[in-house]
There are 2 protein chains.
Amino acid sequence: MARKQGSHAGVTGPKVRAAALRLIARYGYAAVSMRQIAAAVGVQAGALYNYTPDKQSLLFDLMHSHMVALLDALDGANLQGSPLQQLEQFTRFHIRFHLPRADDVFVSYMELRNLSEQNFAKIEALRHAYEDRLEAILKAGQDTGDFAVPDTRITTMALIAMLTGLEKWYRSDGRLGVAEIEGMYWDLVRKAVAA
Amino acid sequence: MARKQGSHAGVTGPKVRAAALRLIARYGYAAVSMRQIAAAVGVQAGALYNYTPDKQSLLFDLMHSHMVALLDALDGANLQGSPLQQLEQFTRFHIRFHLPRADDVFVSYMELRNLSEQNFAKIEALRHAYEDRLEAILKAGQDTGDFAVPDTRITTMALIAMLTGLEKWYRSDGRLGVAEIEGMYWDLVRKAVAA
DNA sequence: GTCTATAGCGGGATAGAC
DNA sequence: GTCTATCCCGCTATAGAC
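Residues numbered from 1 in each chain as written. Chains lettered and ligands numbered in written order. Predicted model: local features only at pLDDT ≥ 70, side-chain atom pairs only at ≥ 80, totals over all residues. Heavy atoms only, no water.

Description of the relation of the copies chain B and chain A
The two copies are related by a screw operation: chain B maps onto chain A through 180° of rotation and 0.0 Å of translation along the axis, at an RMSD of 0.0 Å. Within this description, the copies of the chain are treated as partners about a two-fold rotation axis. Looking at chain B, 100% of its interface residues are interface residues in chain A too, so the copies touch through the same face. (Least-squares fit on C-alpha atoms with pLDDT ≥ 70 in both. Contact = heavy atoms within 4.5 Å.)

This is the structure we're talking about:
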């Protein structure tokens, strides 16, 4: 509470990010203007530049935060046990982490084209690191004979695409709860890689 | 050959569509200008309006053509045999149809947000029809006991997401040929739905 | 069917007052 | 930290000559 009275620091910044995330997820980065974001926050367009040097940096920050949060959460999940157990933990973690973050997922997977070359490389590296976690589990299970997949890299991409595709149709007010969804997807994953 | 000499009709139109498809796939609908498309074709921007009433219609035509071609090709594939055989045929058909059409796939799956409400509804109906073909196979196999999936609708979405995700990483000059890819994905699909 | 020219609008980003 | 005002640019779409 030592913050200066009347200052909006620490309040407007997150609001800008939240508004940008929501608008970009809905309409796309190129289609959303700084004026629209400002209006959603309740400020004039010029004020946004107190929080981001430019529009491109704003997009990058959103995507970077999402990927870092994803990797941190995966570290925190502390997967352990047999390859089969770790694969189940990974599957459930992936669904639980992504389902409540539909906007982040849409932005992070659909706006890659709109990143500058350097920003793209950074995001891709993080995404690759995440994929590698899954592939390591598949490789371990392949070695122990628990799994029998045609190719660990291709299976990694196939499983992540399958799990992430969930975002496209899942509605939290639908007929199925998260726990049921998790169970069904785990069932598909488990059988697909089974020896 | 009765076409008037000096007329570009029948030539420029397809060029416009091809250039628009390529540019939109790469940079996104909102980020591509009519001037860019015109430059790629080799005409001035105003000339494009001889081939489309506006930019939105151009996008819709690209997506609509793709979906109609997909459904027509599926009809032409004439799937038959047991549910297991039909599922294999569908899986291989899906991969063979989509792999050489990366631009169409990107546009059709990433530009839905940029369609007008009415155009969106038409494309969604076509996409739904395609999904229904796969779900019908799963239901049939569920009835005969060949398959044991948790939910035919969810499995449909999961399998299509998995198969379409192939577009994101496949490179025709990579280490794997189409036949090998088909085999690996069919392996994953077959096991995932197995009883 | 294509061109040039332009209307009319909205974009990102900055300057300087408060 | 936010405002107003503005610069400069590019956009879609149209008009009218050829």
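Next comes the rest of the description.
Details of the protein's contact with DNA strand C
Looking at DNA strand C, there are 16 residues lining it, with A:Met34, A:Tyr49, B:Gln44, B:Asn50 and B:Tyr51 nearest. Among the atoms of DNA strand C close to the protein, meaning within 4 Å, 68% are from sugar or phosphate groups. Measuring from a phosphate oxygen of DNA strand C, one finds a side-chain N or O atom of B:Thr12 at 2.9 Å. Separating a phosphate oxygen of DNA strand C from a side-chain N or O atom of B:Tyr51 is a distance of 2.7 Å. (Near = heavy atom within 4 Å. Polar contact = N/O pair within 3.5 Å; in protein donor to acceptor, adjacent residues only side chain to side chain.)

Some thoughts on the pattern of salt bridges
Residue and element names in this part refer to chain A. With the rule as written, the count across this model stands at 24 salt bridges over all chains. Between Arg92 and Glu88 there is a salt bridge, with its nearest N and O atoms 3.0 Å apart. Note that Arg92 and Glu88 are positioned in helix H4 (residues 83-98) at a spacing of 4 residues, about one turn of the helix. Arg92 gets classed as partly exposed once you look at its relative accessible area, which sits at 22%. Between Asp187 and Arg190 there is a salt bridge, with its nearest N and O atoms 2.4 Å apart. With Asp187 and Arg190 both in helix H9 (residues 178-193) and 3 residues apart, this pair spans about one turn of that helix. Among the ionic contacts, a cluster of salt bridges with common partners joins Glu131, Asp132, Glu135, Lys139 and Arg153. (Salt bridge = Lys/Arg side-chain N within 4 Å of Asp/Glu carboxyl O. Helix = DSSP H or I, 4+ residues; strand = E, 2+ residues; numbered from the N terminus. Buried < 20%, exposed > 50% of the residue type's maximum accessible area, 1.4 Å probe, protein only.)

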